[in-house]
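Coordinate inspection notes
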Amino acid sequence: MRTIDADVELPRERRAPRLADLDHLRRTSPMSDAVLDEVRGRHIRSGGHWLIDFASCNYLGFDWDPEIIDEIEPAVRRWGTHPSWSRLLGSPRLYADIEERLAALLGAPDTLLLPTATLIHASVIPVLAGAGHVFVEARAHKTVYDGCVSARGQGARLQRFRADRPDELDALMRALPYDGPRLVCLDGVDSMSGNIPDLPVLAAICRDRGATLYVDDTHGFGVIGERTAAEPCPYGSRGNSVVRHTGETYDGIVLVGGFSKAYSSLLAFLALPSVLKDHLKTAAGPYLYSGPSPTASLATALAGLAVNDRRGDAIRADLYAKTVRVLRHVRGLGLDTPSVREFPIVEIPLADAADLDAVARFLWERGIYVTLAAYPLVPRDRVGFRIQVTALNSDEDIDRLNDTLSRLAEQCVLARRR
Ligand SMILES: Cc1ncc(COP(=O)(O)O)c(C=O)c1O
């Protein structure tokens, strides 16, 4: 999820306490900061209450895939539970195997694995920005934004742009002298709406203006991929992320992706030139100073790549069909959703943000578990909730979700299309 810094544009007296709404939810809503006592696929139990999970990012259902689970124990018996050297000291061969296989899947020159995307943004964005210029997309994920702020703290100048106004980005860069690196940071698949930016247009501007385009596609990796005549659904084929999905190349683009969503594993990557990879091994902190991912994560990532090769496209076709069922229902009810694509994230804004507590309680009582989208995770006029569909949600789960949305719509608490 991202947070938005809209308040920085308001006069001081009108600035709301930024985290008050989130903290209120955390303290009062059962659907926030919950303790889960049992998980059976997409059915979860909190205390005595069973819910259907529409908040999971495990889009492909790899968290419960028997073939993937079976790979964990042999790997742990071979490598121990955790390779606790820093990567610069040494990495189990699993790392080299994943990096090689991942580069082939992405069609990228090389890849570098680190434990999380958060760590990557915090450490790599300042290195790429140096004492130059960073442009951060206005709705970029909070972890990207924090990496950019950290770059500013280390000498870079920071400006904002909007992905839907590429001309403004072009004008901002045109006005600057070439006095250092230029880095343009944004999300691939948007974590709240599932929408994607016009990457080819932004990439062309960056190439013209000598900037590197840095794209966080942690949600897209594993779901969207290259477009082919034989693709089983509009997600494309192979789940090889937004650069391939939009027909782009890695020329001037650094892609960040994560295994922590579709691949159900604690691991993240950069797709990048080998020269930059070698540079980051000593220039960016985590390769040298942080511990690596646990063996179970490395084993599940590797097994996930193999399962993706064999069954990924069929799983994605099923995921697409399930997502379309939800979106058709939402559109049929006349609800307003910013989600314009059929990605398995559907954002549902409320008619009145003040109803969020009551709507959360209603969903909870009906056994529907979603991500609540309070300010500043979304702008104030989009407060509501986010539904995520995964391959493990059954048709009955979706019937129940759609029926619950109908009931909420009858109560006129959901925003309507104008
Ligand atoms: C767009 C985006 N980027 C980065 C992250 C953080 O990923 P990680 O868990 O690998 O740090 C998330 C997680 O929610 C995300 O949605």
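Cut-offs and rules
- Residues numbered from 1 in each chain as written.
- Predicted model: local features only at pLDDT ≥ 70, side-chain atom pairs only at ≥ 80, totals over all residues.
- Heavy atoms only, no water.
- UniProt positions renumbered as here; feature names shortened; annotations may be inferred.
- Near = heavy atom within 4 Å.
- Polar contact = N/O pair within 3.5 Å; in protein donor to acceptor, adjacent residues only side chain to side chain.
- Nonpolar A, V, L, I, M, F, W, Y, C, P; charged D, E, K, R; others polar.
- pLDDT = per-residue confidence, 0-100.
- Contact = heavy atoms within 4.5 Å.
- Helix = DSSP H or I, 4+ residues; strand = E, 2+ residues; numbered from the N terminus.
- Domains from an automatic or database assignment.
- Buried area = accessible area lost by both parts, 1.4 Å probe.
- Salt bridge = Lys/Arg side-chain N within 4 Å of Asp/Glu carboxyl O.
- 1 Å grid on protein atoms, 1.4 Å probe; cavity = no way out; pocket = protein on both sides within 12 Å on 5 of 7 lines; lining within 4 Å.
- Points joined across faces, edges and corners; volume = space filled by probe spheres on them.
- Buried < 20%, exposed > 50% of the residue type's maximum accessible area, 1.4 Å probe, protein only.

In the nomenclature of an unreviewed UniProt entry, the protein chain is known as 8-amino-7-oxononanoate synthase of Streptomyces shaanxiensis. Here the protein chain is described in UniProt, under the heading Catalytic activity (unreviewed entry), as follows: "6-carboxyhexanoyl-[ACP] + L-alanine + H(+) = (8S)-8-amino-7-oxononanoate + holo-[ACP] + CO2". UniProt, in its Cofactor (unreviewed entry) section for the protein chain, records the words "pyridoxal 5'-phosphate".

**Structural notes on the site of the ligand**
By nearness alone, 12 residues border the ligand, and Ala117, Thr118, Asp216, His219 and Lys261 come closest of all. Between an oxygen atom of the ligand and a side-chain N or O atom of His219, the distance comes to 2.7 Å. Within the side chain of Lys261, one N or O atom sits 2.7 Å away from an oxygen atom of the ligand. Split into classes, the residues belonging to the shell around the ligand amount to 2 nonpolar, 8 polar and 2 charged.

**Points about the confidence of the model for the protein chain**
In this model, the protein chain carries an average pLDDT of 94, and 96% of its residues clear a pLDDT of 70 or more. Across residues 2-15 the pLDDT falls below 50, and counting only partners more than four positions away or on other chains, this stretch makes 33 contacts in the model.

**What to know about the UniProt feature "coiled-coil region" (unreviewed entry) in the protein chain**
UniProt's feature table lists "coiled-coil region" (unreviewed entry) at residues 391-418, given in the numbering used throughout. Taken end to end, residues 391-418 is 57% helix and 0% strand, and its first and last C-alpha atoms sit 32 Å apart.

**Let's talk about the domain arrangement of the protein chain**
Segmentation of the protein chain into domains returns domain 1 (6-64 + 313-410) and domain 2 (67-308). Measuring from the centre of the C-alpha atoms in domain 1 to the corresponding centre in domain 2 gives 26 Å. Facing the 30 residues of domain 1 at the interface are 33 residues of domain 2. Summed over both partners, the interface of domain 1 with domain 2 buries about 2,600 Å², with 60% contributed by carbon and sulfur atoms. For the domain 1 face of the interface with domain 2, the top three residues by lost area are Phe62, Arg316 and Phe343, together amounting to 29%. Our enumeration of links across domain 1 and domain 2 arrives at 0 salt bridges. The interface formed by domain 1 and domain 2 contains 13 residue pairs in polar contact (both at pLDDT 80 or more). Counting residues per element, the ones that place at least two in the side of domain 1 that touches domain 2 are α12 (295-332), β11 (345-349) and β14 (384-388). In terms of residue count, α12 provides more of the side of domain 1 that touches domain 2 than any other element does, 6 residues in total. Within the side of domain 1 that touches domain 2, the residues separate by chemical class into 18 nonpolar, 4 polar and 8 charged.

**Let's talk about the layout of surface pockets**
Each pocket or cavity is described by its volume, and for the largest pocket that value is around 500 Å³. Taken together, 20 residues make up the lining of the largest pocket; nearest its centre are Glu137, Arg139, Ala163, Asp164 and Asp190. Here the lining of the largest pocket is built from residues that sort into 8 nonpolar, 3 polar and 9 charged. Counted as a void, the second largest pocket has a volume near 380 Å³. Lining the second largest pocket are 18 residues, with Asp53, Ala55, Ser56, Cys57 and Asn58 positioned closest to its centre.

**Looking at the UniProt feature "domain: Aminotransferase class I/classII large" (unreviewed entry) in the protein chain**
Taking the UniProt record as the reference, the feature "domain: Aminotransferase class I/classII large" (unreviewed entry) is found at residues 53-403. Between the C-alpha atoms that bound residues 53-403 there is a distance of 15 Å. The span itself is 42% helix and 15% strand.

**Digging into the pattern of salt bridges**
Side-chain pairs of opposite charge can arise where the charged atoms are in close proximity. Under the defined criterion, the tally for this structure stands at 35 salt bridges. Measuring nitrogen to oxygen at the nearest pair gives 3.1 Å for the salt bridge that ties Arg26 to Asp23. In this pair, Arg26 and Asp23 are both assigned in helix α1 (residues 20-28), 3 residues apart and thus about one turn of the helix distant. For Asp23, a relative accessible area of 31% gives the class partly exposed. Across the pair Arg174 and Asp170 runs a salt bridge, and its minimum N-O distance is 3.4 Å. Taken together, the residues Arg174 and Asp170, both in helix α7 (residues 166-174) and 4 residues apart, mark about one turn of the helix. Overlapping salt bridges bring together Asp23, Arg26, Arg27 and Asp33 as one network.

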